[in-house]
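Letter by letter, the chains look like this.
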Number of protein chains: 2
Amino acid sequence: MDYPNDQAPGAPVRSGVPEHGRIPKYYAVKAQISALLEELGEGNVIPTERDLSERYRVARETVRQAVRELVLEGRLRRQGRNTVVAGPKLEQPLSLASYTEGVRRQGRTPGRTLVSLDRFACPKALADETGLTRGDPVWHLERVLLADEERVGLESTYVAVARVPRLDTDFEPDSSFYAYLRAQGIAFGDADERIETVLATPREALLIGTPPALPMLLIHRVSRDTAGRPLERVRSLYRGDRFSFSAHLTG
Amino acid sequence: MDYPNDQAPGAPVRSGVPEHGRIPKYYAVKAQISALLEELGEGNVIPTERDLSERYRVARETVRQAVRELVLEGRLRRQGRNTVVAGPKLEQPLSLASYTEGVRRQGRTPGRTLVSLDRFACPKALADETGLTRGDPVWHLERVLLADEERVGLESTYVAVARVPRLDTDFEPDSSFYAYLRAQGIAFGDADERIETVLATPREALLIGTPPALPMLLIHRVSRDTAGRPLERVRSLYRGDRFSFSAHLTG
């Protein structure tokens, strides 16, 4: 036991023992399965529920709860009928760089699938948030985000039609929107971001292919160009079991 | 319907209707309760489970699932035997400023309760992560974070004993550790942060007083002083239903 209370700061399953000493049974099993995952290594199939319940002499429901939490946390993932040891979470920088660049930097292949491209009149809330003019035409571009063909997130971008009037005809929806903006001579100046955890809605879960109520990381972004004019409002939803976000802070 | 697909970017309950049109019953109820919360306003008690199940003509279990998700998302909170409409999430800046400063800026009163202060030999993993020397004595300071007396998080700080040798005798554990460092003439230079969503362990849930398996935001920090020397490793766990984090990004 290297750390006090066995509380290693980065440990995947941290000490779960309450001070009163009553450890929930499923949690003890979870810690044991967690140790097993370390031995097995990424990509390998774990034993069946039945095998695990026999090995640890607990009910299958207890094993199921432990496995469910390990899946929610991204330590295990479902692969067809099997459950396999997951790799580490993708680490995206909180920066003005795009999703595309962040995923590439980790040696993964980014991709996107178009869900919808709509044109509508800027509502009051969006105008207040961004500085766009209420009633002006706005694009809403919704895309599923992919990493190595796996669906990992859902991105909604709101941008004034006046900025990119031909978005519906000359933009490839599976390409980088930021690269498209740059090609139009539009450069990012700054952005405000806010990150929170939310549960996937049934629609989102369906689009991303996750279990419903999986904890997600939701990033709100409002960005401006180099002249300080409103550029876009983005709502990016990432699988909480597959992503973490990093930032470098200076005084 | 202001937005395409009714997908307002900041809406508290977003459109949950899958394309195939089958809306889970609990989700339809959740959307109705969500609208009710807007009418009631912060701090007000919602009707009982029985009342809601009669009002929406669904089973109590259906109401329970809807309410459970709204609690997990921080839209409702338990208050004794009642369930009340929650206020907005606290928004902490991702910055070198302390928890204390972030909470104060929002007009709330920050506080901390000491869980433990231990001294131990720096293990390999911590040495690798921080640049501290393996085997050197290290403090582990664990505190519950409070906002207006409410328990909202749990913070573990690891710092070399050589840096703050009298931490166990002349530091008030309910005060700001960063203010203490400044008083010792130690100034922050930079830090790397990583943010992810995790489930609370039973021990953490007990210490923070949350339901187990509540989605939390976990922030890992490794910081250095102005000379670039390792300063601290922090693991801060925040209630996902009570906090969001913000950053300002520039090119």
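This is a predicted model, so every value here is computed, not measured. (Residues numbered from 1 in each chain as written. Chains lettered and ligands numbered in written order. Predicted model: local features only at pLDDT ≥ 70, side-chain atom pairs only at ≥ 80, totals over all residues. Heavy atoms only, no water.)

Draft legend 1. Highlighting the relation of the copies chain B and chain A. Under the fitted operation, chain B is carried onto chain A by 0.0 Å of movement along the axis and a turn of 180 degrees, and the coordinates agree to an RMSD of 0.0 Å. Taken together, the turn and the small shift mark the pair as related by a two-fold rotation axis. (Least-squares fit on C-alpha atoms with pLDDT ≥ 70 in both.)

Draft legend 2. Spotlight on the confidence of the model for chain A. Considering every residue of chain A, the mean pLDDT works out to 89; 92% of them sit at 70 or more. Reported confidences for the modelled complex are a pTM of 0.87 and an ipTM of 0.86. (pLDDT = per-residue confidence, 0-100.)

Draft legend 3. Quick peek at the interface of chain B and chain A. Tallying the contact residues gives 73 residues for chain B and 73 residues for chain A. Both sides of the chain B and chain A interface together cover about 5800 Å² of buried area, and 58% of this is carbon and sulfur. Counting every contact that joins chain B to chain A gives four salt bridges. Among the ionic pairs, E196(A) bridges to K89(B), the shortest N-O distance being 2.8 Å. Looking at which element gives the most residues to the side of chain B that touches chain A, the answer is strand 7 (residues 188-199) of chain B, with 11 residues. Counted by class, the side of chain B that touches chain A contains 33 nonpolar, 19 polar and 21 charged residues. (Contact = heavy atoms within 4.5 Å. Buried area = accessible area lost by both parts, 1.4 Å probe. Salt bridge = Lys/Arg side-chain N within 4 Å of Asp/Glu carboxyl O. Helix = DSSP H or I, 4+ residues; strand = E, 2+ residues; numbered from the N terminus. Nonpolar A, V, L, I, M, F, W, Y, C, P; charged D, E, K, R; others polar.)

Draft legend 4. Structural view of the domain arrangement of chain A. Under the domain assignment used here, chain A contains domain 1 (5-85) and domain 2 (90-246). In this structure, domain 1 of chain A and domain 2 of chain A have C-alpha centres spaced 34 Å apart. (Domains from an automatic or database assignment.)

Draft legend 5. Structural detail: the nonpolar core. The biggest cluster of nonpolar side chains holds 64 residues, and the ones touching the most others in it are F177(A), F245(A), F177(B) and F245(B). Ignoring anything within four residues of it in the chain, the contact list for F177(B) reads L141(B), R143(B), T157(B), V159(B), L167(B), F171(B) and E232(B). (Core = buried A, V, L, I, M, F, W, Y, C linked by side-chain atoms within 4.5 Å. Buried < 20%, exposed > 50% of the residue type's maximum accessible area, 1.4 Å probe, protein only.)

Draft legend 6. Representation of the sheet that holds strand 5 (residues 137-147) of chain A within the structure. Read across the open sheet, the eight strands follow the order 4(A)-5(A)-6(A)-9(A)-8(A)-7(A)-10(B)-3(B); overall the sheet is mixed. Each having just a single partner strand, strand 4 (110-121) of chain A together with strand 3 (90-93) of chain B make up the two edges of the open sheet. Each adjacent strand pair in this sheet contributes to an overall mean axis angle of 20 degrees, direction not counted. Relative to strand 9 (residues 230-239) of chain A, strand 8 (residues 215-225) of chain A runs antiparallel, the two sharing nine bridges. Across the sheet, the residue bridging to R221(A) is V234(A), located in strand 9 of chain A. (Pairing = 2+ DSSP bridges. Axes fitted to C-alpha atoms, helices over the stretch in contact; angles between N-to-C directions.)

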